[in-house]
Amino acid sequence: MDVKIEASWKETLKEEFSKGYFHELVTFVKGEYKKHTIYPPGKLIFNAFDQCPFDNLKVVILGQDPYHGPGQAHGLCFSVNDGIPFPPSLKNIFKEVEQDVGVPVPKSGNLERWANQGVLLINATLTVRAHQAGSHQRKGWEQFTDVVIHKINDLKEQAVFILWGSYAIRKGEFIDQDKHLVLTSVHPSPLSASRGFFGNHHFSKTNEYLQQHGKEPINW
């Protein structure tokens, strides 16, 4: 199957694209786009990979589901298109960035600027029906994104995995912590952010680790 995805990812994941579950997933997703409003737009399903080639990857931030409101999702977890109001979790992420590393809250919630520096902003599920959170879960995306994390774990050296909330932490349980840095806390949503997201210093800890291993820090 010819999947339109950045070349280094295509090479890394080529075995997955020929597997039965992935063919079933593609059939399901294509049918959904024909019958319903689905986010993100089809050409942006693999945007996280296109913006952050495997060869450039230094950091992984793991989300769960794309935003399901109009104009929000564009294929990067927690990120929204230019001109879209910040969802609550993204507001809290920017608050922690400002408190942790002193970067003022930006005008745009588009995180492509992070992705272009080597931050893979990946959701566990890459598509969703409009206004129906979780509607594309358990269709095959989670199996695919598990493989993505396994590949990073196995093939990269000294990557940083940032896992917010119990779902992301469970999904990353197998990551080799002798080889990589795994940072965990509660989720940045308003329901939990005050219970350990604020003050987790994940952004400064990421940069300290990258610099210790001879890598450029992220300009958050």
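Summary of the structure given here. All values reported here derive from a predicted model rather than from experimental measurement.

Thoughts on the layout of surface pockets
- The space that makes up the largest pocket amounts to roughly 540 Å³.
- For the largest pocket, the lining is made up of 31 residues, of which Q64, D65, P66, Y67 and H187 are closest to its centre.
- Listed by contribution, the elements that provide at least two residues to the lining of the largest pocket are β2 (59-63), α4 (88-101) and α7 (166-171).
- Residues that form the lining of the largest pocket fall into these classes: 16 nonpolar, 14 polar and one charged.
- Estimates place the volume of the second largest pocket at around 430 Å³.

Side note on the sheet that holds strand β6 (residues 181-185)
- As summarised here, the arrangement of the four strands in space is β3-β2-β5-β6, forming an open sheet in which the pairing is parallel. Taken across any chain shown, the strands that pair with only one partner, and hence form the sheet edges, are β3 (119-123) and β6. Neighbour-to-neighbour, the strand axes of the sheet open up by a mean angle of 15°, direction not taken into account.
- Bridge count between β2 and strand β5 (residues 160-164): four bridges; the pairing is parallel.

Describing helix α2 (residues 20-35)
- For α2, with 16 residues, the first-to-last C-alpha span of 23 Å sits near the 22 Å given by 1.5 Å per residue.
- Packing partners of the buried residues in α2 comprise β1 (38-39), β4 (128-129) and α6 (141-155).

Considerations on the nonpolar core
- Residues F49, I61, W114, L120 and F144 are the most contacted members of the largest nonpolar core, which totals 66 residues.
- Element by element, the count of residues in this core is highest for α6, at six residues.

What about the environment of N219?
- Relative to the elements of secondary structure, N219 occurs in the segment after α8 (202-212).
- Along the sequence, N219 and A124 sit 95 residues apart, while their C-alpha atoms lie 25 Å from each other.
- In this structure, N219 is in contact with W114 and Q117, ignoring residues within four places of it in sequence.

Overview of the side chain of H136
- Structurally, H136 can be placed in the loop between β4 and α6.
- Classification of H136 as buried rests on a relative accessible area of 0%.
- In this structure the side chain of H136 is engaged in a polar contact, spanning 2.7 Å, whose partner is the side chain of T127.
- Not counting residues up to four positions away in its chain, the partners in contact with H136 are F28, E32, I38, T125, T127, V128, R129 and W141.

The rules behind the values
Residues numbered from 1 in each chain as written. Predicted model: local features only at pLDDT ≥ 70, side-chain atom pairs only at ≥ 80, totals over all residues. Heavy atoms only, no water. 1 Å grid on protein atoms, 1.4 Å probe; cavity = no way out; pocket = protein on both sides within 12 Å on 5 of 7 lines; lining within 4 Å. Points joined across faces, edges and corners; volume = space filled by probe spheres on them. Helix = DSSP H or I, 4+ residues; strand = E, 2+ residues; numbered from the N terminus. Nonpolar A, V, L, I, M, F, W, Y, C, P; charged D, E, K, R; others polar. Pairing = 2+ DSSP bridges. Axes fitted to C-alpha atoms, helices over the stretch in contact; angles between N-to-C directions. Expected span 1.5 Å × (residues − 1). Contact = heavy atoms within 4.5 Å. Core = buried A, V, L, I, M, F, W, Y, C linked by side-chain atoms within 4.5 Å. Buried < 20%, exposed > 50% of the residue type's maximum accessible area, 1.4 Å probe, protein only. Polar contact = N/O pair within 3.5 Å; in protein donor to acceptor, adjacent residues only side chain to side chain.

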